[in-house]
Amino acid sequence: MKWLPRLLITTLLSVGVVVGLSLLPQLENGSNSAMFRSVKAQPVSEANIVDVMSKMQLHLRIRKVEVTHAIVSVDLISSPSSEKSEIVQDMYEIPRTLFSRSTNINQVLVRVLDSSKSSTSSGAALLLATDARREKWLPNENVIPSRSIEEMEQYLQSHFRVTYTTRWRERFEIKS
């Protein structure tokens, strides 16, 4: 008959641990901890564009960001050592993040400029440009970590307007 008190004590301890763990989020800052809340979309303006852009993990350097009404224009600088995968990931990430975290941005323009020594006298030549519109964006489609560069590039080409320059083709296309 000694098993009954052991079972009762084990059950009470288990219930106590479950109740304690369920109350833990309410104890810390009234559930305002970043772990327990989702990122809500908010209007993006010149006042908070720096905060929005700094939360993105981009591979390329940002040259210029401009907010005009419902349009965000971003210029990125590609170094000679930048790989195609880094550029495509950034071109994919910028519109996805701006559309998912904002309520007022309807168009995102991204240009990638080549900063190699053989560029024009202005210091940078256009490699690639994307015109992303909110109505073409699929909000239910989140980033899949295993998504390949080819899949990201296909998504960009099928959902947004992508313009490749001859400099892009010379640099990244397979030469036969």
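Above this text you will find the structure in question.
Residues numbered from 1 in each chain as written. Predicted model: local features only at pLDDT ≥ 70, side-chain atom pairs only at ≥ 80, totals over all residues. Heavy atoms only, no water.

Colleague: Would you mind going over the packing of aromatic side chains in detail, with residue names and values included?
Modeller: Using the criterion set out here, one finds five aromatic pairs in the structure. Residues Tyr164 and Trp168 carry aromatic rings whose centres are separated by 5.6 Å and whose planes lie at 40 degrees to one another, so their mutual orientation is tilted. Owing to a relative accessible area of 0%, Trp168 belongs among the buried residues under this scheme. Ring geometry for Trp168 versus Phe172: centroids 4.5 Å apart, planes at 50 degrees, classification tilted. In this pair, Trp168 and Phe172 both sit in helix α5 (residues 166-172), four residues apart, roughly one turn of the helix. (Phe/Tyr/Trp six-rings, centres within 6.5 Å; stacked < 30°, edge-to-face > 60°. Buried < 20%, exposed > 50% of the residue type's maximum accessible area, 1.4 Å probe, protein only. Helix = DSSP H or I, 4+ residues; strand = E, 2+ residues; numbered from the N terminus.)

Colleague: Explain the side chain of Thr165 residue by residue, including any values.
Modeller: For Thr165, the position within the fold is in the loop between β5 (161-164) and α5. On the basis of relative accessible area, Thr165 is assigned to the buried category, the value being 16%. A polar contact of 3.0 Å, which involves the side chain of Thr165, links it to the backbone oxygen of Leu126. Beyond its immediate sequence surroundings of up to four residues, Thr165 is in contact with Leu126 and Leu127. (Polar contact = N/O pair within 3.5 Å; in protein donor to acceptor, adjacent residues only side chain to side chain. Contact = heavy atoms within 4.5 Å.)

Colleague: Outline the sheet that holds strand β1 (residues 61-68), listing residues and values.
Modeller: Taken in spatial order, the five strands make up an open sheet running β1-β2-β3-β4-β5, and their pairing is mixed. Edge strands, defined here as strands with exactly one partner in the open sheet, are β1 and β5. On average, adjacent strands in this sheet sit at an angle of 10 degrees to one another, irrespective of strand direction. Pairing analysis gives four bridges linking strand β4 (residues 125-133) to β5, with the strands arranged antiparallel. Bridge pairing in β5 links Ala129 to Thr163. Where helix α3 (residues 84-101) meets the sheet, it contacts β2 (71-78), β3 (107-114) and β4, and its direction lies at approximately 155 degrees from that of β3. (Pairing = 2+ DSSP bridges. Axes fitted to C-alpha atoms, helices over the stretch in contact; angles between N-to-C directions.)

Geometric values such as these leave the question of function open.
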